[in-house]
Amino acid sequence: MHIPFVDLNAQYQNIKAEVDAAMQKVVDSCAFILGPAVSKFEKDFSEYLGAKHAIGVDSGTQAIELALRASGLQAGDEVIVPANTFIASTLPISRLGAIPVLVDVDPQTYNVDPAKIERAITPKTKVILPVHLYGQPVNQMEKILKITEAHDLILIEDACQAHGARYKGKRVGTFGKASAFSFYPGKNLGGYGDGGMVVTNDDEIAHQVKQLRNYGQTKKYHHDQLGFNHRLDSIQAAVLDVKLKYLDSWNAARRKHALEYINALRGTEGLILPHVPVDIEPVWHIFSIRVQQRDKLMKYLEQHGISTGIHYPIPIHLQLAYADLHYHVGDFPITEKNAMEQLSLPMYAELTSEMVLFISGKIKEFLGQVQQ
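Quick caveat, the model's predicted, so the values are computed rather than measured.

J.: If you had to explain the sheet that holds strand 6 (residues 166–167) to someone new, which residues and values would you point to?
T.: With antiparallel pairing, the 3 strands of this open sheet are ordered in space as 7-6-12. Both edges of this open sheet fall to strand 7 (170–171) and strand 12 (280–281), since each of them pairs with a single strand only. Two elements, strand 6 and strand 12, share 2 bridges in a ladder whose sense is antiparallel. In the strand pairing of strand 12, Arg 166 is matched with Glu 281.

J.: Can you lay out the side chain of Thr 174 for me, pointing to particular residues and giving the numbers?
T.: In this fold, Thr 174 is placed in the loop between strand 7 and strand 8 (178–182). Assessed through its relative accessible area of 8%, Thr 174 is described here as buried. Reaching out from Thr 174, the side chain makes a polar contact with the backbone oxygen of Arg 171 at a distance of 2.5 Å. Setting aside anything within four residues of it in sequence, one finds Thr 174 in contact with Leu 49, Ala 51, Glu 157 and Asn 201.

J.: Can you lay out a nonpolar patch on the surface for me, pointing to particular residues and giving the numbers?
T.: Among the surface-exposed residues, Val 27, Phe 32 and Ile 33 lie close enough to one another that they form a single nonpolar patch of about 240 Å² accessible area. Residue placement: Val 27 occurs in helix 1 (residues 8–29). In this structure Val 27 comes out as partly exposed when scored by relative accessible area, which is 38%.

J.: Hey, could you go over the pairing of strand 8 for me, with residue numbers and the actual values?
T.: Along strand 8, 5 of the 5 residues are buried, which leaves the element largely enclosed by surrounding structure. Burial along strand 8 is two-sided: the face carrying Ala 178, Ala 180 and Ser 182 and the face carrying Ser 179 and Phe 181 are both buried. Inspection of the sheet shows strand 5 (residues 154–158) paired to strand 8 by 3 bridges, in the parallel sense. Following the sheet pairing, Asp 158 is matched in strand 8 by Ala 180.

J.: Could you give an account of the pairing of strand 13 (residues 287–290), with specific residues and numbers?
T.: The alternating pattern of strand 13 places Phe 287 and Ile 289 and Ser 288 and Arg 290 on opposite faces, both of which are buried. Looking at chain direction, strand 13 and strand 14 (residues 342–345) are connected through 4 bridges and run antiparallel. Bridging across to strand 14, Ile 289 finds its partner in Leu 343.

J.: Describe empty space enclosed by the protein, listing the residues and the values that go with them.
T.: Throughout the structure, instances matching the rule amount to 3 cavities of 30 Å³ or more. When its volume is computed, the largest cavity comes out at roughly 120 Å³. Lining the largest cavity are 14 residues, and of these Gln 11, Lys 187, Arg 254, Tyr 348 and Glu 350 sit closest to its centre. Those elements giving two or more residues to the lining of the largest cavity turn out to be helix 1 and helix 9 (247–265). Along the lines of polarity and charge, the residues of the lining of the largest cavity split into 7 nonpolar, 3 polar and 4 charged. Around the second largest cavity, the lining residues are Gln 108, Thr 109, Tyr 110, Leu 133, Tyr 134, Gln 136, Pro 274, His 275, Trp 284, Ile 286 and Ser 288.

J.: Got a sec to walk through the layout of surface pockets? Specific residues and values, please.
T.: Of the volumes computed, that of the largest pocket is approximately 570 Å³. What lines the largest pocket is a set of 29 residues, and nearest its centre among them are Phe 86, Gln 161, Tyr 184, Lys 187 and His 285. The element best represented in the lining of the largest pocket is helix 3 (residues 60–70), accounting for 3 residues. For the lining of the largest pocket, the class distribution of residues is 14 nonpolar, 11 polar and 4 charged. Within this model, the second largest pocket holds a volume of roughly 380 Å³. Every residue lining the second largest pocket is counted, 16 residues in all, and those nearest its centre are Lys 25, Ala 37, Lys 40, Ala 238 and Asp 241. For the lining of the second largest pocket, the element with the most residues is helix 8 (residues 234–244), which contributes 5 residues.

J.: Just give me the short version of helix 11 (residues 333–341), but keep the residues and values in it.
T.: Within helix 11, the full set of buried residues consists of Thr 335, Glu 336, Asn 338, Ala 339 and Glu 341. Tucked inside the fold, the buried residues of helix 11 contact strand 13, helix 10 (294–303) and strand 14.

J.: Explain the pattern of salt bridges to me, using residue names and the numbers behind them.
T.: Tallying each qualifying case throughout the model produces 18 salt bridges. We note a salt bridge from Asp 203 to Lys 52, for which the minimum N-O separation is 2.9 Å. With Asp 203 in helix 7 (residues 203–212) and Lys 52 in the loop between helix 2 (36–49) and strand 1 (53–57), this residue pair connects regions lying 151 residues apart in the sequence. When salt bridges that share partners are traced, they join Lys 40, Asp 44 and Asp 241 into one network.

J.: Quick one: what's the story with the packing of aromatic side chains, residue by residue and with numbers?
T.: All chains considered together, the criterion is met by 13 aromatic pairs. Taken together, a centroid distance of 5.3 Å and an interplanar angle of 40° make the contact between Trp 284 and Phe 287 tilted. A relative accessible area of 7% means that Trp 284 is categorised as buried. Taken together, the ring pairs in this structure connect Phe 41, Phe 45, Tyr 48, Phe 181 and Phe 183 into an aromatic cluster. In this arrangement the basic side chain of Arg 171 is found over the ring face of Tyr 48, its NZ or CZ atom lying 4.1 Å from the centre.

Rules used in this analysis
- Residues numbered from 1 in each chain as written.
- Predicted model: local features only at pLDDT ≥ 70, side-chain atom pairs only at ≥ 80, totals over all residues.
- Heavy atoms only, no water.
- Pairing = 2+ DSSP bridges.
- Helix = DSSP H or I, 4+ residues; strand = E, 2+ residues; numbered from the N terminus.
- Buried < 20%, exposed > 50% of the residue type's maximum accessible area, 1.4 Å probe, protein only.
- Polar contact = N/O pair within 3.5 Å; in protein donor to acceptor, adjacent residues only side chain to side chain.
- Contact = heavy atoms within 4.5 Å.
- Patch = residues over 30% accessible without salt bridge, like charges linked within 9 Å, V, L, I, M, F, W, Y side chains within 5 Å.
- Areas by Shrake-Rupley, 256 points an atom, 1.4 Å probe, with all protein chains shown as cover.
- Salt bridge = Lys/Arg side-chain N within 4 Å of Asp/Glu carboxyl O.
- 1 Å grid on protein atoms, 1.4 Å probe; cavity = no way out; pocket = protein on both sides within 12 Å on 5 of 7 lines; lining within 4 Å.
- Points joined across faces, edges and corners; volume = space filled by probe spheres on them.
- Nonpolar A, V, L, I, M, F, W, Y, C, P; charged D, E, K, R; others polar.
- Phe/Tyr/Trp six-rings, centres within 6.5 Å; stacked < 30°, edge-to-face > 60°.
- Lys NZ or Arg CZ within 6 Å of the ring centre and 35° of its normal.

Structure, rendered in structure tokens:
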């Protein structure tokens, strides 16, 4: 049996006729840039989330950057961001000349700890940027919102892995002043190339992002500010709009598979399973386990036809690109431990119960051999 980490072809085959027709419609119209397909997807995505505005851009990374720019982030400002995340959460901060201030995470959820946020605030702090990691909403969002209010800070959500996830019944990406989503192909809602979205209820931020993504134009050849070319392609928007109709059912399937993993692996010695707090509805972009013999387990599973992943083997603060921040080994022990022990198991809607049981059985088989 071969079980891929993600099976995009299986998803495509299930919706092939609709997707092909949607792409053909864009090609026939030749409206490739900011055409009707983009406008429709922006409308549908904002309605799905319950937000006022959704502005399509070319990647989740650029969605973060444009949200920060539109919120007034300046060079020298500080942005508090969890250490346990992909580097795309911090690169936009650095490109603006601002400073990412990393904080460690909760040892159970791997999401940012509100108490650690508050301790990291300085007079230079301008933004708090929580990450809904692995498709699990940040816990205690009320506390984070209270911190932003008490210190007059801006909350920008990195929801790039959390399409459709809910905290206390409310979709993530709607708590802050703005939020960013990624439509990278492997995401719960993924295109057939790069894409992203800025979501906001703030009219001025929406106005700024629309200008910034399109050369700073108010209308063609009228440039009110120095902008960029960060537009969402019409073909990607058309594909995403088809997929959006299936997102909730795909997320439900992921939750089913996550429960199957948990039931099959619960109580296995030497294994730490994901923890889901009360009031959280995750979408399981990543199903992450922790095990001390991570690399050996990964190799063992590969030998049995099971592909896995690691998110993320080298923490941001230990990357050469961020040597100028002067962080060191030991500064963020929970993040560092996670980097050494975390293993991502196959997780997608088209996974079957038989596959989950096979994977779980091989994990228990390996750990049983290790412990003998």
